[in-house]
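The chain contents come next:
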Amino acid sequence: MKTLLRNLRQSVDYIHAVTDIAPQVALILGSGMGALARDIRNPVKISYENIPHFPIATVEGHAGELVLGTLCNRKVVTMSGRFHYYEGYSLLDITYPVRVMRLLGAAVLVVTNAAGAINRSFKVGDLMLITDHINNIKQDPLRGEHVDDLGVRFVDMTYSYDRDLLALAERVGRKEGVRLQKGVYLASSGPSYETPAEIRGYAAIGADAAGMSTIPEVIVARQMQMRVLGVSCITNMAAGVLDRALSHTEVIETTRKVRADFIRFVKAILKEIRI
Ligand code: HPA
């Protein structure tokens, strides 16, 4: 058997030995939004370091555990502590948990992130539903040995962001009074932010927001035919949109301000999602 598949089965077997929860929805939450995991009822927490073959979280302040349980009447699995390419992980590592969560049963992936607005009509604090993406990380997590059991070799990315989930999120957003935008998310490797010239270029090729995550996970989720909903929290205007420097502090500060609305929004979506 291919090594990746054997490793995944060992990871899943380990989790199955700890809990029989079969999650319907997988959640990968961006910086500051992990607080949602605290609302999971009857949580079963499994440290990444105990799961065979799982990448290990290295960033301070990240717990590094999978949390399985019930949220808004849905069986969920969430990553408390996620992996970024800019931290030095390979795309194979970053996407490994997505494959595990899919093999545990999750058919829907809700993925959130922080992003800078390229689109000048966006405002800091808006939430952007991702309608499509541009992979400026310039690497594909599916490159390399192909494992037939995990999906097709050449994955169609036309409908990567599920239209029904987008419609549902729009409806819920209106009801909840959330400031919603829709747009194209572009991810670069980071960790440096973009230059103003890069942002002008990305605007020209159709990007609305810039970030450093999410796309590898979505590619792997699509290979495994998960339905994906992606939401960006617009934490700042991208480089050069305003005539001032970007600050990570502003990113954190906006996330903190928006957190409660963001969590309320995601929960309201979960309540209405059809599995
Ligand atoms: N660029 C890239 N990643 C980000 C940004 C940005 O402006 N803001 C938050 N994450």
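Refer to the structure above for everything that follows.
Since this is a predicted model, take the numbers as computed values, not measurements.

Another aspect to go through is the overall build of the protein. Of the regular secondary structure elements, the protein holds 6 helices and 9 strands. Taken over C-alpha atoms, the radius of gyration comes to 18 Å for the protein, in line with the 19 Å a tight globule of 275 residues would show. Each of the three principal axes of the protein carries a C-alpha extent, and together these read 55 × 40 × 35 Å. The proportion of buried residues among the 275 residues of the protein is 54%. Positive and negative charge centroids in the protein, built from 33 and 28 side chains respectively, lie 5 Å apart.

Now for the side chain of Glu65. Mapped onto the elements of the fold, Glu65 is located in strand β3 (residues 65-71). Here Glu65 is buried and forms no salt bridge, its nearest opposite-charge partner Lys45 lying at an N-O distance of 4.3 Å. Filtering out sequence-adjacent residues up to four positions away, Glu65 remains in contact with Lys45, Ile46, Ser47, Tyr48, Thr78, Met79 and Ser80.

With that out of the way, let us pick up the site of the ligand. Near the ligand, the surroundings consist of Ala114, Ala115, Gly116, Tyr193, Glu194, Ala210, Gly211, Met212, Thr235, Asn236, Leu246 and Val251. Ala114 is positioned with one of its backbone polar atoms (N or O) 3.4 Å from a nitrogen atom of the ligand. Contact between the ligand and Glu194: a nitrogen atom at 2.9 Å from a side-chain N or O atom of the residue. Summarising the interface, the protein chains cover 95% of the accessible area of the ligand, which totals 260 Å² for the free molecule. Sorting elements by how many residues they give to the shell around the ligand places strand β5 (residues 108-117) first, with 3 residues.

This brings us to the nonpolar core. If you look at the biggest cluster of nonpolar residues, it comprises 96 residues, and the most contacted ones within it are Leu66 and Phe265. The biggest single contributor to this core is helix α6 (residues 248-272), with 8 residues.

By definition, a disulfide links the sulfur atoms of two cysteine residues through a covalent bond. For the structure shown, the criterion picks out 0 disulfides. As a non-bridged cysteine, Cys72 has Cys233 as the owner of its nearest cysteine sulfur, 19 Å distant. Cys72 sits in the buried class, given a relative accessible area of 17%.

Here we come to the pairing of strand β6 (residues 127-135). Both β6 and strand β7 (residues 180-187) contribute to a ladder of 8 bridges, which runs parallel. Residue pairing across strands places Leu127 opposite Leu180, the latter belonging to β7. The pairing of β6 with strand β9 (residues 227-237) spans 3 bridges and is classified as antiparallel. Considered in β9, the bridge of Leu129 is made with Val231.

Relative orientation of the contacting elements helix α2 (residues 91-104) and helix α5 (residues 215-223) amounts to 50°, with a least axis distance of 9 Å. When the axis of α2 is compared with that of α5, the two are oblique. Remark: the crossing between α2 and α5 carries right-handed chirality. On the side of α2, the interface is formed by Leu91, Ile94, Thr95, Val98 and Arg99, while α5 contributes Pro216, Glu217, Val220, Ala221 and Gln223. The class makeup of the residues in the contact of α2 with α5 is 6 nonpolar, 2 polar and 2 charged.

Our next topic: the environment of Tyr89. Here Tyr89 shows up in the loop between β4 (74-80) and α2. In this structure Tyr89 comes out as buried when scored by relative accessible area, which is 10%. Along the primary structure Tyr89 and Ala57 are separated by 32 residues, whereas in three dimensions their C-alpha atoms are 9.8 Å apart. At 2.8 Å, the side chain of Tyr89 forms a polar contact with the backbone oxygen of Ile56.

Conventions and cut-offs
- Residues numbered from 1 in each chain as written.
- Predicted model: local features only at pLDDT ≥ 70, side-chain atom pairs only at ≥ 80, totals over all residues.
- Heavy atoms only, no water.
- Helix = DSSP H or I, 4+ residues; strand = E, 2+ residues; numbered from the N terminus.
- Rg over C-alpha atoms; globule rule 2.2 N^0.38 Å.
- Buried < 20%, exposed > 50% of the residue type's maximum accessible area, 1.4 Å probe, protein only.
- Lys, Arg positive; Asp, Glu negative; His and termini not counted.
- Charge placed at Lys NZ, Arg CZ, Asp CG, Glu CD.
- Salt bridge = Lys/Arg side-chain N within 4 Å of Asp/Glu carboxyl O.
- Contact = heavy atoms within 4.5 Å.
- Near = heavy atom within 4 Å.
- Polar contact = N/O pair within 3.5 Å; in protein donor to acceptor, adjacent residues only side chain to side chain.
- Areas by Shrake-Rupley, 256 points an atom, 1.4 Å probe, with all protein chains shown as cover.
- Core = buried A, V, L, I, M, F, W, Y, C linked by side-chain atoms within 4.5 Å.
- Disulfide = S-S within 2.5 Å.
- Pairing = 2+ DSSP bridges.
- Axes fitted to C-alpha atoms, helices over the stretch in contact; angles between N-to-C directions.
- Parallel < 35°, antiparallel > 145°, perpendicular 65-115°, else oblique.
- Left-handed = near helix turned anticlockwise from the far one by under 90°.
- Nonpolar A, V, L, I, M, F, W, Y, C, P; charged D, E, K, R; others polar.

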